[in-house]
Structure formats: structure tokens, C-alpha cells
Amino acid sequence: MDDCLAKKMEITVSEAEKRTGRNAMNMQETYTAYLIETRAVEAQSEGQCAPVDSLWRRYSEFELLRNYLSVTYPHIVVPPLPEKRADFVWHKLSADNMDPDFVERRRIGLENFLLRVASHPVLCQDKIFYSFLTQEGGWKEMVNETGFQLKADSRLKALNATFRVKNPDKRFTELKHYSDELQSVISHLLRVRARVADRLYGVYKVHGNYGRVFSEWSAIEKEMGDGLQSAGHHMDVYAASIDDILEEEEHYADQLKEYLFYAEALRAVCRKHELMQYDLEMAAQDLTSKKQQCEELATGTVRTFSLKGMTSKLFGQETPEQREAKIKVLEEQIQEGEEQLKTKNLEGRDFVRSAWADIERFKEQKNHDLKEALISYAVMQISMCKKGIQVWTNAKECFSKM
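Definitions and limits used
- Residues numbered from 1 in each chain as written.
- Predicted model: local features only at pLDDT ≥ 70, side-chain atom pairs only at ≥ 80, totals over all residues.
- Heavy atoms only, no water.
- 1 Å grid on protein atoms, 1.4 Å probe; cavity = no way out; pocket = protein on both sides within 12 Å on 5 of 7 lines; lining within 4 Å.
- Points joined across faces, edges and corners; volume = space filled by probe spheres on them.
- Nonpolar A, V, L, I, M, F, W, Y, C, P; charged D, E, K, R; others polar.
- Pairing = 2+ DSSP bridges.
- Helix = DSSP H or I, 4+ residues; strand = E, 2+ residues; numbered from the N terminus.
- Axes fitted to C-alpha atoms, helices over the stretch in contact; angles between N-to-C directions.
- Contact = heavy atoms within 4.5 Å.
- Salt bridge = Lys/Arg side-chain N within 4 Å of Asp/Glu carboxyl O.
- Buried < 20%, exposed > 50% of the residue type's maximum accessible area, 1.4 Å probe, protein only.

What follows deals with empty space enclosed by the protein. Enumeration according to the criterion identifies one cavity of 30 Å³ or more in this entry. Contributing to the lining of the largest cavity are Pro168, Asp169, Phe172, Thr173, Lys176, Cys270, His273 and Glu274. When the residues that make up the lining of the largest cavity are grouped by side-chain class, the tally is three nonpolar, two polar and three charged.

Structure below.
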């Protein structure tokens, strides 16, 4: 981990800027650009003032980077990006992807994505990722020149593999089920959190009404006026603090959403393993078929019904020379098929070993992050309850002095 880019470079997404430009269809569009700033850590440790390098990136460029990483490192649980458009949003907040609060949360999420990649023992060493951070012009061309799109597996092929693999790896099957359940649980948790935030908002606003009523009441009372006014002030301060609390609530929601999207990254690794297993099984099946054809030609017997066998019966047998030529071609194909099968077996074992090592790393990270997020949420809820108790304690003292 000492070789990680995160140890050598400070990476921040420092600001977001709304811009207007033209898209590929030459139509005007409004988008958000994000300023990435990097600074070498080594120079700072030596007491020098390291210069800050900066460049602007659009969200679509972050998407391109992540797609490249996912295709290039299929055995890795690639960190997810924050959502492009708001989902699981508490209804009092804007779902507009140009809303300043949403853009700010996405800026934090994009910075977190870069730090996750820069801290990963494998991804951090990727040259394209380093160029994304340091080279503004020509970066897209550099990515496209890698030809990663040609390596991307089609969804139809992946779906085909899912249903036709005969001997799936039990560990990856269980992992896929786990990722589905994780996504379901976190989705439900986010919906519950939104309902809690809604009720919380209502409670705070009601205290604002208390504040207004007490202030109005104080205006018509002489002996009780000061006490009522003070109580109303405490209620108003309490009601106004809801904005800061909701900001903390959304930060907690974003932490959960990251693992909601991580579930899909886990499934992507499982799908890649299914594809490799499917290719292996197809190669083994093809090799078995060719060996059988070769044996049938050599012995002159047909074990199973085939169109070729019926044709030879109707139009006469092949000459010995024709049969020998076909046997020779099949033997070459069998030799080539055995080599391919051996290579696919080795690739499959390497994939499983590498993937499982990264999955174990991910599990450790997930356990730490979610534990921390849930504890922080519990502390926040306790703090809010204490504030409520304190407000009414102060109000009680105000009433006692009347």
C-alpha cells in the first residue's frame, strides 16, 4: 500500500462550475465541470511548497475513466461513481442535477471516487488514471487508443452465459446473491431514512410554530412576557438548526448510496467469471465433438445420428484419401483446441485467484466504512435528541421564572 498514488499525491475535486457548450450533435447543452487539483506529497515532506496542478473534467469523462477501468480490470471491484441524477431523494430536496446542493454532493462523491482508485493497490498504478489526473488535452484520445471498447462484453452474451453455464462456481453464485441482497437492504434503508428525515423536518418546523406563538403571546402579557419571549427564542433557534442536520443526513445517505452502487460492481465481477466459465465449457464441448468426429472417421462408425452420416449413406462413402485429409484437419484442430482449453483453464484460475483477493479487500473496506457510517448516524440521532431535551429544559426554566 506504500506504493499507492494516494500516498504520493494529494487529490481534491475543489470546485464545480456550470458551463454551456455544444454536444456531439452540435446542440447547445448545459453541463457541470469539476476542477481536479493535485499536489505532490514528497515535496511537502521535504519542506518545499509543491505547486498545485489543476484541470477541469466533466462527469462524462469520469464515466469514461470508470468504464475503461471496469473493462481493463474485470477481476477488480471498481469503485462506483456518485449518481448522475438524484435518486432516493427526500422529497423536500431538489432532484434537479443542476441544483447547487446536489452538485456539491456529487463533487464530494467524485473526489471520493478518485481517492478510492488512487488508494487501490492495482488501479492506482494505471497510466490512463494518472493521465486523467494530470493531462487535460488529448486524454480521451489516449483512452480510446487502448481499444478497451473492443474488449467489453455485450449484455446479450453475459445474459446467455448466466443461463447456460453448466458448472458455476458456488462462491461466485453466492457472491451474486449477496450483492442482490445488499442492494435490496440498502435501498430499503435509504427509503426508511427519507421517511425519518421527513418526520424530523416536521418536528423542527412545529417547534418554529411554538416560537412564533410564544413571541406573539409575550406581546400581550406584562408579567409573563419576558419568559414567553425567551422560550420562543429557544424554539426558533432549535427550528433553524434543521438545515445543518439535514446536510448531515444527506452525507449519511451518500455513504449508503456508494455501497448501493458497489453492489453492481460486485455483480460485474461475477458476470465476468460466468462468461469465462461459459467460454471454457463451450471450448471443452467443441473439443469433445471434434474428437468424436475424428474417431468416427478413423473407425468408419457413426455413434450418433447426423446429417453428414445420412448424406454419406445416400450419396456413397468418402474415398480413403478424402477421409485421411479430414482426419488430418481434425487432428490439427484438436491439438489447437487442447492448447486453447489449457490456456482458458489457466486464465480462469488466475482470474479466480485475483478476483477473490480483491473481493476480500473490498469486504474489509465495506465492513469498516458501513460500521463507521452507522455509528456516525447513531451519534447524530443521539445528539439531536439531546438538543430537543435541552430546548425543553431551557423552556421549562423560562416558564419557571414567569
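Past the structure itself, the notes keep going.
Taken together, three strands build an open sheet; the order of strands is β1-β2-β3 and the sheet is antiparallel. Unpaired on one side and paired on the other, β1 (9–22) and β3 (53–58) mark the two borders of the sheet. For this sheet the average axis-to-axis angle between neighbouring strands, irrespective of direction, equals 25 degrees. Pairing geometry for strand β2 (residues 28–40) and β3, over six bridges, is antiparallel. Counted as the bridge partner of Ala33 is Arg58 from β3. Here helix α4 (residues 100–119) sits on the sheet and contacts β1 and β2; the angle it forms with β1, its principal contact strand, is near 135 degrees. Lying on the sheet, helix α5 (residues 127–134) is in contact with β1, β2 and β3; it crosses β3 at an angle near 105 degrees.

What follows is about the pattern of salt bridges. Taken as a whole and judged by the stated rule, the model has 24 salt bridges. In this structure, the salt-bridge partner of Glu17 is Arg19, at a minimum N-O distance of 2.8 Å. Of the charged contacts, one joins Arg193 and Glu249 as a salt bridge, the two residues approaching to 3.0 Å between their closest N and O atoms. Note that Arg193 is positioned in helix α9 (residues 170–218) and Glu249 in helix α11 (residues 242–299), a separation of 56 residues in sequence. The same class applies to Arg193 as to Glu249, namely buried. Counted as one network, the salt bridges with shared partners bring together Asp180, Glu264, Arg267 and Arg271.

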